[in-house]
Amino acid sequence: MVSTPKANLVYWYGLDEMPEDGGGLRAIAWYKALNELGFETTIHRLRSVGSGVQNLSYLRSLKKALVPMPLETRLDGLTSAELNVITVPSVFRSAARTLPLSSLVFDWMDLWSVNARTMGQSSFVSRPGGLIQSNFWSSRQRTLVRLPMANTFAGFDDRSSMGAGMDGLNYWIPTPISAPTLARKYPSAGRTRVGFIGNFAYPPNVMSLRSFFTKFNSNILDHQVEIVVAGFGSEVVKQWNVPATVVGHVASLSDFYNSIDAAIVPIDHGGGIKAKAVEAMAYGVPIFGTPHVSSGFAPEWAPYISGLENLFVNPTIFPPSPPRDEFENQFSQMAFTDTVRQMLVSAGKL
């Protein structure tokens, strides 16, 4: 009798409190893919229940302001497994020291050298620590990427920038988003409604949206564009004195995306691929974003993400949305699982 192969998946949280953000969605995608490919998969959380991203204490908030990214965490308690998928860079070194290198996959949801630099630039207080950490992680990444059986990347440019240092298997595997089965309903005629939805307990979302309003406040008023802001904690935007319609938490993503003409993804902080851009594509909503957002996608996806400034050149002209079959071929769970299968076959694990 052939025993079922085992896999460990290391992430910040377990399934019981997995946040529905880019990292959480990606961890769930890995879990589904490994189970579908025949592995008995266990998620090992690095944080205890109740210490999620929505529960930052004052001291943790202060620490993140001074030094945006963690440095190194010890990885303990993993059971023996044929495959170990590690998704948190602070435990990469510990994993390489304690687990067989031939079993390791390092999944780079983002590059912490980029995260530290862009998040550090958000304020005078965080800039020195962010710059120091960015240099630290740039050096460490060049070493870490050579260690595992395979490296996978959420962001396309992240993979490209690390390419020179990689000896083994490496793949761009974007985080999958489920596309709705119903056709999109367009908003009624009137002034252009452009929306942003996100978790406002996640600092890059707050920093990026504040920068957007600082840069484009007068354009919003001049062009009579309505900016709709939604998501967990979005009520904080009411305190910013900016021209925005704040709707708070929404129960239905379909209702939100059907209520807007286009989505803005003004993210300039963090790395990887921006799940909100993929999500808007899934709902057939045109996207205006930053070059930082575009860098998460392969070049052939560039036509589907227009620059934020173009929104105010002519607010009635939108970029195209990708055809549904093209989207599914790149960003579905099936596409994610198929690429994982290719990697594991090449590595001799399937």
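Residues numbered from 1 in each chain as written. Predicted model: local features only at pLDDT ≥ 70, side-chain atom pairs only at ≥ 80, totals over all residues. Heavy atoms only, no water.

Some details on the overall build of the protein
Link 1 in the chain: Across its full length, the protein holds 12 helices and 12 strands.
Link 2 in the chain: Compactness check: the protein gives a C-alpha radius of gyration of 20 Å against a globular reference of 20 Å for 350 residues, within 12% of the reference.
Link 3 in the chain: Taking the principal axes of the C-alpha coordinates as reference, the protein spans close to 65 × 45 × 40 Å.
Link 4 in the chain: Here the protein, with 350 residues, has 51% of them falling under the buried criterion. (Helix = DSSP H or I, 4+ residues; strand = E, 2+ residues; numbered from the N terminus. Rg over C-alpha atoms; globule rule 2.2 N^0.38 Å. Buried < 20%, exposed > 50% of the residue type's maximum accessible area, 1.4 Å probe, protein only.)

Things to note about a nonpolar patch on the surface
Link 1 in the chain: Residues Leu66, Val67, Phe124 and Val125 make up a contiguous nonpolar surface patch of roughly 400 Å² in combined accessible area.
Link 2 in the chain: Structurally, Phe124 can be placed in the loop between α4 (112-120) and α5 (127-144). (Patch = residues over 30% accessible without salt bridge, like charges linked within 9 Å, V, L, I, M, F, W, Y side chains within 5 Å. Areas by Shrake-Rupley, 256 points an atom, 1.4 Å probe, with all protein chains shown as cover. Salt bridge = Lys/Arg side-chain N within 4 Å of Asp/Glu carboxyl O.)

Description of the sheet that holds strand β4 (residues 104-108)
Link 1 in the chain: Taken in spatial order, the six strands make up an open sheet running β2-β1-β3-β4-β5-β6, and their pairing is parallel. Here the strands that pair on one side only, and so sit at the sheet edges, are β2 (40-45) and β6 (169-172). When strand polarity is set aside, the average angle formed by the axes of neighbouring strands in this sheet is 20 degrees.
Link 2 in the chain: Where strand β3 (residues 83-86) lies against β4, three bridges are found, and the strand directions are parallel. Pairing of Val85 across the sheet is with Val105, part of β4.
Link 3 in the chain: Together, β1 (6-11), β2, β3, β4 and β5 (150-153) form the strand contacts of helix α1 (residues 22-36), whose direction differs from that of β1 by roughly 180 degrees. (Pairing = 2+ DSSP bridges. Axes fitted to C-alpha atoms, helices over the stretch in contact; angles between N-to-C directions. Contact = heavy atoms within 4.5 Å.)

Structural notes on the packing of aromatic side chains
Link 1 in the chain: Using the criterion set out here, one finds 20 aromatic pairs in the structure.
Link 2 in the chain: Positioned over the ring face of Trp12 is Arg47, at 4.1 Å from the centre of the ring. (Phe/Tyr/Trp six-rings, centres within 6.5 Å; stacked < 30°, edge-to-face > 60°. Lys NZ or Arg CZ within 6 Å of the ring centre and 35° of its normal.)

Looking at the pairing of strand β7 (residues 193-197)
Link 1 in the chain: Burial runs high along β7: four of the five residues are buried.
Link 2 in the chain: Of the pairings in the sheet, the one linking β7 to strand β8 (residues 226-230) comprises five bridges and is parallel in character. Note on β8: the bridge partner recorded for Gly195 is Val228.

A closer look at the side chain of Thr339
Link 1 in the chain: With respect to the helices and strands, the residue Thr339 is situated in helix α12 (residues 333-346).
Link 2 in the chain: Among the polar contacts made by the side chain of Thr339, one reaches the main-chain carbonyl oxygen of Ala335 at a distance of 3.0 Å.
Link 3 in the chain: Leave out the neighbours within four places in its chain, and Thr339 touches Tyr171, Trp172 and Ile173. (Polar contact = N/O pair within 3.5 Å; in protein donor to acceptor, adjacent residues only side chain to side chain.)

What to know about the sheet that holds β7
Link 1 in the chain: Taken in spatial order, the six strands make up an open sheet running β9-β8-β7-β10-β11-β12, and their pairing is parallel. Edge strands, defined here as strands with exactly one partner in the open sheet, are β9 (245-248) and β12 (305-307). On average, adjacent strands in this sheet sit at an angle of 30 degrees to one another, irrespective of strand direction.
Link 2 in the chain: Here β7 pairs with strand β10 (residues 262-265) via two bridges, running parallel. Along β10, the bridge assignment pairs Val194 with Ala262.

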